[in-house]
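# Structural overview
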Amino acid sequence: MVCLSLTLWTSCFGDEKAIQRAEQLLGEVQAQPWAHSWRGATIESLRLVSQKPDLAYPTGLPPVWYARIAGPQNHRGYLMWAQGEKSRLLEFALDDGFQFAGKEVKVIAGVPPIQQFPIDTQAQRPVASGCVPTAGASVICFWRKNGFPEWGGTAQVTPQEVTLRLRSKLKMALFRNTDGFAQNRMDLAGAFPGDLVQALRRDAEAFGVALETRFEKFTLKVFEEEISAGRPTLLSCTVRLPSQPELSWNHEVVGVGVLRIKEQEFVGVIDNFYPTKDSNTVRWISKEAFRSLIALRPSQKNQ
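We now turn to the structure provided with this report. (Residues numbered from 1 in each chain as written. Predicted model: local features only at pLDDT ≥ 70, side-chain atom pairs only at ≥ 80, totals over all residues. Heavy atoms only, no water.)

A tally of helices and strands in the protein chain yields six helices and 15 strands. Over its C-alpha atoms, taken along the principal directions, the protein chain stretches across nearly 65 × 50 × 35 Å. Considering the protein chain as a whole, with its 303 residues, one finds that 53% of them fall into the buried category. In the protein chain, once contacts between residues fewer than 6 apart in sequence are set aside, the share between residues at least 24 apart is 64%. Averaged over its 35 positive side-chain charges, the protein chain has a centre that lies 3 Å from the centre of its 31 negative ones. (Helix = DSSP H or I, 4+ residues; strand = E, 2+ residues; numbered from the N terminus. Buried < 20%, exposed > 50% of the residue type's maximum accessible area, 1.4 Å probe, protein only. Contact = heavy atoms within 4.5 Å. Lys, Arg positive; Asp, Glu negative; His and termini not counted. Charge placed at Lys NZ, Arg CZ, Asp CG, Glu CD.)

This is the structure in structure tokens:
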């Protein structure tokens, strides 16, 4: 794949500095030891993105530069970076399955990537399962495969059924999808992370699994301790949508990794509203986007 010349880029997109920065940031990602297969990737498109001005629930996030990446074998990715003099990288994802290795990265593999799904209601259109119970179900399903098969029922219980069971223990709020978050026009649903802690405890208790939880303000120190111990966490953040960066929301995701690039620190997450070609894709977001953390440590009852 041939990269566009700088002259053509300038005529197409009009901002030479942004083009140069996009190529520089892509180069820094490609230089990571685990990303060697993407070293031929190129910038496919570039634009400056502002938040939708009439967003029903505005987050106040500033404009960002957004570049789509064309990777190997028709895989895709993206970069987002800050507008302005420093123009630091805010987040990125490469839609591919990587073997993350190197002194600057730690990732927990095998966290089930459950995506939000529509729930039929008596209303005219379906409602999303919601990021809070869906993220919680991913963690439950991880522990089912990693030492606690009794948590969640029989092997025939699906991840969607785990999500619905956890959802039934939460007070869910309905948010009309007036901004186009979901193309199928399903409405959105939300819940509080603090309520999720209690729901997880009740769910674990119902299956005889003792559960220690920690709910606190996000810090990279605590998060990295959990990742090093092989325990995925639940994280609250304020982020843009990877596929529609003009939209943003308060979101719950599963934290699975830590990455450092040129002294900048990123949190790796499994995002339940980011359908990808490869189910193992990790979304890397700058640590400043995160607000709270739920750490879980299941243990055998009476152990």
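Let us keep going from here.
To continue, consider the pattern of salt bridges. The final tally for this structure, using the stated rule, is 18 salt bridges. Residue arginine 47 pairs with glutamate 246 through a salt bridge whose shortest N-O separation is 3.8 Å. Within this pair, whereas arginine 47 is found in strand S1 (residues 42-49), its partner glutamate 246 is found in the loop between strand S11 (233-240) and strand S12 (248-261), the two being separated by 199 residues in sequence. Residue arginine 47 is classed as partly exposed on the basis of its relative accessible area of 39%. Residue glutamate 246 is classed as partly exposed on the basis of its relative accessible area, which comes to 24%. Linking lysine 169 and aspartate 203 is a salt bridge whose minimum nitrogen-to-oxygen distance equals 3.3 Å. Of this pair, lysine 169 sits in the loop between helix H4 (159-167) and strand S8 (173-175) while aspartate 203 sits in helix H5 (residues 193-206), placing them 34 residues apart in sequence. Overlapping salt bridges bring together Lys106, Glu224, Arg260, Glu265 and Lys287 as one network. (Salt bridge = Lys/Arg side-chain N within 4 Å of Asp/Glu carboxyl O.)

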